Amino acid sequence: MKSEAIFPNIGKTKLPFVTPAIGLNKEQCPIVRESGYCLPQLIFGVEGEGVLETEGKIFSVHTGDIFFLPAKREHRYYGKGKWVTSWIHLAGEGMQQALESLELKDAVVVSGTDTTHCERLLRQILTELKVDRLQGMERSSIHLYELLLEFYMLQHEQPQNKGMQRLLPLLDYIDDHIAEQMTLAELAGVLGVTPQHLCRAFKEALSMRPFEYITKRRIQISKRYLADRSMKIATIGKMVGIRDVSYYCYNFKRLEGITPNEFRAQNF
């Protein structure tokens, strides 16, 4: 397992995302920072097991886990025996805004999921910075943003993943019958569960009730039909199962912030 680390000179770059430090496969020594670190960082558990303590919380970090540490937050982390990590520090003109947009404000550990793509991106960043002396910073900036997005998706998908997998046949059924009127009993029957169980499963996986999802899906699908300017709004509403044109327009504006006609004018 090759170990390496580099500390690029980022100077006064105006790039939105830059990497001032990155290390791969380093044996992790105990770290104690009572005032935190000046930059946010992502740390990957490569081998062994470690512990992260921050703001009164204790996290176990296993092989394949990734944790995010915001800037200037007290923390300490250390291994239980030999602990190998990879890490990257996060900087750039747009980094703070991106972290806020991705809801990365507090320390968080992503575990129990496939972090292979994140690890690949980390290696790509280091390679770009080492090999391309002219545009390595710019190329690595692209991978760094992708890494942040991938981490965000892993963080938000992992508690819901099993529930979503269970619902996929029903979500396909809803798409196939979007123009029809569906009942809760009918939907529950697709999965062979009770209506009560179905409502609970939707709430846990999607944070909404079944018919909330169906309404959102109907509006989403209707956008495709709005591209055809020859189709009347009322006809499009019926094609997605909303027979009352006023109710269709009401829900479209409630969810999209504009009317179907305004959406059509802006996009087609």
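A. Helix 5 (residues 184-191), seen in detail. Those residues of helix 5 lying buried are L187, A188 and L191. Burial along helix 5 is one-sided: seen end-on, the buried residues are contained in an arc of 100°. Residues of helix 5 that are exposed and point more than 90 degrees away from the buried face comprise A185 and G189. One or two positions beyond helix 5, positive phi appears at G192, with a value near 70°.

B. Structural view of the nonpolar core. Ranked by size, the top nonpolar core spans 32 residues in total, and within it L42, I88 and L147 carry the most contacts. Among the nonpolar cores identified, the runner-up in size contains 30 residues, and L167, M208, I214 and F252 belong to it.

C. Just unusual backbone geometry, in detail. Backbone geometry at N25 places phi at a positive 55°, although glycine is not the residue there. Phi at S207 is positive, roughly 60°, even though this residue is not glycine. In this structure, S207 sits in the loop between helix 6 (195-206) and helix 7 (210-226).

D. Quick peek at the sheet that holds strand 1 (residues 4-6). Strand order in the open sheet formed by six strands is 1-2-9-4-7-10, and the pairing between neighbours is antiparallel. Either end of the sheet is taken by a strand with one partner, and the two such strands are strand 1 and strand 10 (108-110). Each strand of the sheet is rotated relative to its neighbour by a mean of 20°, with strand direction disregarded. With three bridges connecting them, strand 7 (residues 66-69) and strand 10 associate as antiparallel partners. Opposite I66, over in strand 10, you have V110 as the bridge partner.

E. Main features of the side chain of R218. With respect to the helices and strands, R218 occurs in helix 7. A polar contact is formed between the side chain of R218 and the backbone oxygen of E180, at a distance of 2.7 Å. Discounting chain neighbours no more than four positions away, the residues touching R218 are I178, E180, Q181, M182, V240, G241 and I242.

About the thresholds
Residues numbered from 1 in each chain as written. Predicted model: local features only at pLDDT ≥ 70, side-chain atom pairs only at ≥ 80, totals over all residues. Heavy atoms only, no water. Buried < 20%, exposed > 50% of the residue type's maximum accessible area, 1.4 Å probe, protein only. Helix = DSSP H or I, 4+ residues; strand = E, 2+ residues; numbered from the N terminus. Arc of directions from axis to C-beta. Core = buried A, V, L, I, M, F, W, Y, C linked by side-chain atoms within 4.5 Å. Pairing = 2+ DSSP bridges. Axes fitted to C-alpha atoms, helices over the stretch in contact; angles between N-to-C directions. Polar contact = N/O pair within 3.5 Å; in protein donor to acceptor, adjacent residues only side chain to side chain. Contact = heavy atoms within 4.5 Å.

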